[in-house]
Amino acid sequence: GAGVSQSPSNKVTEKGKDVELRCDPISGHTALYWYRQSLGQGLEFLIYFQGNSAPDKSGLPSDRFSAERTGGSVSTLTIQRTQQEDSAVYLCASSSPRFYNEQFFGPGTRLTVL
Amino acid sequence: KQEVTQIPAALSVPEGENLVLNCSFTDSAIYNLQWFRQDPGKGLTSLLLIQSSQREQTSGRLNASLDKSSGRSTLYIAASQPGDSATYLCARPSGGSYIPTFGRGTSLIVHP
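Every residue gets a number counted from 1 within its own chain, in the order that chain's sequence is written. Whichever chain is written first becomes A and whichever ligand is written first becomes 1, with later ones labelled in order. Owing to the predicted nature of the model, reporting of local features is limited to residues with pLDDT of at least 70; listing and counting of side-chain atom pairs is limited to 80 or more, with chain, interface and lining totals taken over all residues. Side-chain measures were taken over the full set of non-hydrogen atoms in the model, leaving aside hydrogen atoms and water.

## Comments concerning the pattern of salt bridges
Here is step 1: By definition here, a salt bridge exists when the distance from a side-chain nitrogen of Lys or Arg to a carboxyl oxygen of Asp or Glu is within 4 Å. Enumeration according to the criterion identifies six salt bridges over all chains in this entry.
Here is step 2: For the salt bridge of A:Lys17 with A:Glu14, the shortest nitrogen-to-oxygen distance reads 3.7 Å.
Here is step 3: Where B:Asp39 meets B:Arg37, a salt bridge forms, and the shortest distance between an N and an O atom there is 2.7 Å.
Here is step 4: According to the relative accessible area criterion, B:Asp39 is partly exposed, its value standing at 25%.
Here is step 5: Only protein chains enter the accessibility calculation, which uses a 1.4 Å probe; a residue is then buried when its area is under 20% of its type maximum, exposed when over 50%, and partly exposed in between. Under the relative-accessibility criterion, B:Arg37 is labelled buried at 15%.

## What to know about the state of the cysteines
Here is step 1: Cysteine sulfur pairs qualify as disulfides if the two atoms are within 2.5 Å. Inspection of the entire model under this criterion finds two disulfides over all chains.
Here is step 2: With a sulfur-sulfur separation of 1.8 Å, A:Cys23 is cross-linked through a disulfide to A:Cys92. Residues A:Cys23 and A:Cys92 share a disulfide whose torsion about the S-S bond is about -65°; that sign makes it left-handed. Remark: A:Cys92 occurs in strand S8 (residues 88-95) and A:Cys23 occurs in strand S3 (residues 19-24); sequence separation between them is 69 residues.
Here is step 3: On the basis of relative accessibility, which here comes to 0%, the residue A:Cys92 falls in the buried class.
Here is step 4: The partner cysteine of B:Cys23 in its disulfide is B:Cys90, sulfur to sulfur 2.0 Å. Measuring handedness by torsion sign, the sulfur bridge of B:Cys23 and B:Cys90 sits at about 85° and is right-handed. Only DSSP runs of H or I with at least four residues qualify as helices, and only runs of E with at least two residues qualify as strands; both kinds are numbered from the N terminus onward.

## With respect to the interface of chain B and chain A
Here is step 1: Here, two residues are considered to be in contact whenever any of their heavy atoms come within 4.5 Å of each other. Facing the 17 residues of chain B at the interface are 21 residues of chain A.
Here is step 2: For the chain B and chain A pair, buried surface summed over both sides reaches about 1,500 Å², with 57% attributable to carbon and sulfur atoms.
Here is step 3: Across the contact surface, chain B and chain A share zero salt bridges.
Here is step 4: Whenever a nitrogen or oxygen atom comes within 3.5 Å of another N or O atom, the pair is scored as a polar contact, on the condition that within protein one atom can donate a hydrogen and the other can accept it, and that pairs from neighbouring residues in sequence are kept only if both atoms are in side chains. Viewed at the interface, chain A and chain B are joined by three residue pairs in polar contact (both at pLDDT 80 or more). Throughout, the accessible surface (probe 1.4 Å) given up by two parts as they are put together, summed over both, is called the buried area.

## Remarks on the packing of aromatic side chains
Here is step 1: Only centres within 6.5 Å qualify two rings of Phe, Tyr or Trp (six-membered ring in Trp) as a pair; their planes then separate them into stacked at under 30 degrees, edge-to-face at over 60, and tilted for everything else. Across all of its chains, the model carries eight aromatic pairs over all chains by this definition.
Here is step 2: On the basis of an interplanar angle of 85° and a centroid distance of 5.4 Å, the ring pair of A:Tyr35 and B:Phe102 is categorised as edge-to-face. Of the two residues, A:Tyr35 is situated in strand S4 (residues 31-37) and B:Phe102 in strand S10 (residues 100-102); the pairing between them involves two chains.
Here is step 3: Owing to a relative accessible area of 1%, A:Tyr35 belongs among the buried residues under this scheme.
Here is step 4: Between B:Phe36 and B:Phe102 the ring centres are 5.6 Å apart and the planes differ by 40°, which places this aromatic pair in the tilted class. Taken as a pair, B:Phe36 in strand S4 (residues 33-38) and B:Phe102 in strand S10 lie far apart in primary sequence, 66 residues in all.

So this is what it looks like as structure tokens:
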């Protein structure tokens, strides 16, 4: 597609359930980022993938959070045993060194944990 | 660690005014700086990317400048319109990383 897409756009789940959020980056972009934005807060970096290198997981808040990127394209962010404090908008972005690492964001997934 | 500060945090102006939004950063190393806008409930839209070798970029009514020596970038919005109402964020990587640090943003309201 022409831009970064994310699915689902909204997710409501019960505390303790696992959720998977998906990100389709711009075709050809080698870098992919996940961020979290809580209500009234700034962007919180979660994880960064660059090509075939090991991901930078330094922003993941706990071991309940994990992410993978298959075939250097689509990425899935998984949150296990969700807690109410996980409620936020999860944003994905992609970029390419060929285009000065300009980041392009998807529309986000709004996660609500009841 | 890079810190990015945006001033003011909020701004409310009548339509037609020329605006200046400020972004300051602590790491003066040679990196790009990017400006975004975010509408309520939406993702971020890239407005301008200033490469490390550039001093400014222009797109329509928007002009962004970068002064690495003073650690500042300025987003200038000419002849503001109600449609410009949004939150504006700047972001810049810190040393040795491609991971940007984001400011908290400036929330702009332009009244008709």
